[in-house]
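Understanding the architecture of this molecule
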Amino acid sequence: MYRFPEELYTDIRIETVKTNSITYENNELKQNKLKVEKGAFIRIFDGERWYYSSTTNIEEIQKEIDELSKLAKRNENIYDNPVVKRIEVNKGNDIKYKNNNIIEVSNDEKIKLLESYLPINNEFPEILNSRLLYKDTYTIKEIISSKGTDVTFDIQNAYIANRYQLSIDGMTQNGGETIYEDDFNKLFNKQDLFREEIIKNLEYAKNAVPVKKGVYTCILSPVVAGVFAHESFGHKSESDFMIGDEKMMEEWSIGTKVGSEILNIIDCGNIEGSGYVPYDDEGTKAKENYLIKDGILNGRLHSAYTAGALNEDVTGNSRAINFEYEPIVRMTTTYIGAGNLTKEELFNGVKEGIYIDSFIHGSGMSTFTIAPSRAYMIRDGKISEPVKVSVITGNVMSTLNEIDGLSNEVEIKSLGTGGCGKMEQWPLSVGLGGPYVRVNKINVE
């Protein structure tokens, strides 16, 4: 189809993205928008540097290839280059959503679905302002390379998000919940999930008291455990941070003990949800990557470039937010593996501690911080009174070693709205999760 320049490596990523967005604000329709984009990102590598180009004119791809090739230096040994050698050659058509393509659903049906959720917020006089959002995205990607890769695959998702502001005794508090699916029909009849979340937030706002600052044993819910894994360790596993940093490479050498022996942290693009990526943006197949295995540093996340630079294997984690950007090392679905305790056994091991039920945001590299949206005291193994917690924080390396209990079931959360940010590329869809996690010596403020 394309004429690839000799003695250079070339790849092309073509994306067609269709997005439908509908928004109600305080029960009034504010947005009903269908957006269709198609474009391509072209790369050429001569063994020394990459040359990039992005275009929305698909008919001009060959011209872009020809122009980029003029900038590069011909290299007769390009396919022996350690970066190029690591680029997988995959072929195939992996269209997963042919029979339930969300783009085939009419706009009227999507409006009707969203309107079925509108009455919920009206049930609660404490809700001052509300936004109800529907969004679906259907993406087809085609990746072609001079090495022989030729894959086509699709990704589909849809969500309904309820966002609101509560007023209790003159104080305001934000709340919300998201229902995420890869099938439009699965979004129906889940009003009780929104209703239950509003009730939880109301009870919390009415009864929460300021926490007594200190160092506590904390139990993290599966979604908070996922945020902890993503922020505290997932980003440290993105290997482009390590290129040229000998000190960091020494500290994070494979085989180093970095956490409790019961701890496993995994990243995998094959898990259905917002982190589902069957191939990365270099055409590498998704893999199950153990970053930590039994407390030992087992691996890190790679693109072909970082894998070649560090003499390791590609992992399926070279990703871009869209066709306007070059792929960089990013997470897919990152989660903590299951343990062997029931949820009750996990809580029974805490005489006085704090349960972190949900979160507002998190961040971290050497030090992690998570801002909870709801937190509760644990007393004698039972969830007790709600407490207002501004932030929980700790040193990443110390905290990973303070994990002493994991429940025996993993829950994966698709966030829908928002996503992961890195450099100028935000938001990228990712998944996260884990079991209930018990961890000691957490600073609570």
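Residues numbered from 1 in each chain as written. Predicted model: local features only at pLDDT ≥ 70, side-chain atom pairs only at ≥ 80, totals over all residues. Heavy atoms only, no water.

- Under an unreviewed UniProt entry, the name given to the protein chain is Putative Zn-dependent protease-like protein, and the organism recorded is Clostridium disporicum.

1. Structural notes on the nonpolar core
- The biggest cluster of nonpolar side chains holds 42 residues, and the ones touching the most others in it are Leu220, Ile265, Ile336, Ile354, Ile392 and Val444.
- At 7 residues, helix 6 (residues 222–234) tops the list of elements feeding residues into this core.
- Excluding residues within four positions of it along the chain, Ile336 makes contact with Ala225, Phe228, Ala229, Leu263, Asn264, Ile265, Leu406, Val410, Gly433, Gly434, Pro435 and Val437.
- Within the second largest apolar cluster, 29 residues are counted, among which are Ile120, Leu166, Ile198 and Leu202. (Core = buried A, V, L, I, M, F, W, Y, C linked by side-chain atoms within 4.5 Å. Buried < 20%, exposed > 50% of the residue type's maximum accessible area, 1.4 Å probe, protein only. Helix = DSSP H or I, 4+ residues; strand = E, 2+ residues; numbered from the N terminus. Contact = heavy atoms within 4.5 Å.)

2. What to know about the pairing of strand 5 (residues 127–145)
- Bridge count for strand 1 (residues 9–25) against strand 5 is 15 bridges, and the pairing is antiparallel. Bridge pairing in strand 5 links Glu15 to Lys141.
- Bridging between strand 5 and strand 6 (residues 150–168) involves 17 bridges; their strand directions are antiparallel. Opposite Ser130, over in strand 6, you have Tyr164 as the bridge partner.
- Where strand 5 hands over to strand 6, the hairpin turn is made up of 4 residues, of which Gly148 adopts a positive phi near 125°. (Pairing = 2+ DSSP bridges.)

3. Thoughts on the UniProt feature "domain: Metalloprotease TldD/E C-terminal" (unreviewed entry) in the protein chain
- The sites that carry the UniProt feature "domain: Metalloprotease TldD/E C-terminal" (unreviewed entry) are, in the present numbering, residues 214–444.
- The span residues 214–444 is 16% helix and 39% strand, and its two end C-alpha atoms sit 5 Å from each other. (UniProt positions renumbered as here; feature names shortened; annotations may be inferred.)

4. Examining the domain arrangement of the protein chain
- For the protein chain, the domain assignment lists domain 1 (9–207) and domain 2 (214–444).
- The centre of domain 1, based on its C-alpha atoms, is set 22 Å off from the matching centre of domain 2.
- Around 3400 Å² of area is buried between domain 1 and domain 2 when both sides are counted, 55% of it from carbon and sulfur atoms.
- When the buried area of domain 1 at its contact with domain 2 is split by residue, Arg86, Tyr180 and Tyr204 rank highest and sum to 22% of it. (Domains from an automatic or database assignment. Buried area = accessible area lost by both parts, 1.4 Å probe.)

5. Details of the UniProt feature "domain: Metalloprotease TldD/E N-terminal" (unreviewed entry) in the protein chain
- Following the UniProt record, the feature "domain: Metalloprotease TldD/E N-terminal" (unreviewed entry) maps to residues 11–72 here.
- Helix makes up 18% of residues 11–72 and strand 63%, with an end-to-end C-alpha separation of 14 Å.

6. Things to note about the side chain of Glu231
- Along the chain, Glu231 falls in helix 6.
- Of the buried charged residues, Glu231 lacks a salt bridge, with Arg330 as the closest side chain of opposite charge at 9.4 Å.
- Those residues in contact with Glu231 that lie beyond four places of it in its chain are Gly362, Ser363, Gly364 and Met365. (Lys, Arg positive; Asp, Glu negative; His and termini not counted. Salt bridge = Lys/Arg side-chain N within 4 Å of Asp/Glu carboxyl O.)

7. Notes on the packing of aromatic side chains
- Scanning the entire structure with this criterion turns up 14 aromatic pairs.
- For the ring pair Tyr134 and Phe184, a centre distance of 6.3 Å and an interplane angle of 80° mean the geometry is edge-to-face. Here Phe184 lies in the loop between strand 7 (171–181) and helix 5 (191–207) and Tyr134 lies in strand 5, a separation of 50 residues in the sequence.
- Relative accessible area serves as the criterion here: at 1%, Tyr134 is assigned to the buried category.
- Residue classification places Phe184 among the buried residues on the basis of a relative accessible area of 4%.
- Note on Phe347 and Tyr355: the rings are 5.5 Å apart at their centroids and 70° apart in plane angle, and the pair reads as edge-to-face.
- Under the relative-accessibility criterion, Phe347 is labelled buried at 5%.
- Tyr355 sits in the buried class, given a relative accessible area of 5%.
- Members of the aromatic cluster, joined through ring pairs, are Tyr204, Phe347, Tyr355, Tyr376 and Tyr436. (Phe/Tyr/Trp six-rings, centres within 6.5 Å; stacked < 30°, edge-to-face > 60°.)

8. Digging into a negative patch on the surface
- Together, Asp245, Glu246, Glu250 and Glu251 make up a negatively charged patch on the protein surface.
- Following the sequence through the fold, Asp245 ends up in the loop between helix 6 and helix 7 (246–251). (Patch = residues over 30% accessible without salt bridge, like charges linked within 9 Å, V, L, I, M, F, W, Y side chains within 5 Å. Areas by Shrake-Rupley, 256 points an atom, 1.4 Å probe, with all protein chains shown as cover. Charge placed at Lys NZ, Arg CZ, Asp CG, Glu CD.)

9. Some thoughts on the layout of surface pockets
- The calculated volume of the largest pocket comes to roughly 1600 Å³.
- Lining the largest pocket are 48 residues, and of these Glu177, Val223, Phe359, Lys413 and Leu415 sit closest to its centre.
- Elements that contribute at least two residues to the lining of the largest pocket include exactly strand 7, helix 5, helix 6, strand 16 (352–364), strand 17 (367–379), strand 21 (411–414) and strand 22 (420–422).
- Element by element, the count of residues in the lining of the largest pocket is highest for strand 7, at 9 residues.
- Broken down by class, the residue content of the lining of the largest pocket amounts to 15 nonpolar, 19 polar and 14 charged. (1 Å grid on protein atoms, 1.4 Å probe; cavity = no way out; pocket = protein on both sides within 12 Å on 5 of 7 lines; lining within 4 Å. Points joined across faces, edges and corners; volume = space filled by probe spheres on them. Nonpolar A, V, L, I, M, F, W, Y, C, P; charged D, E, K, R; others polar.)

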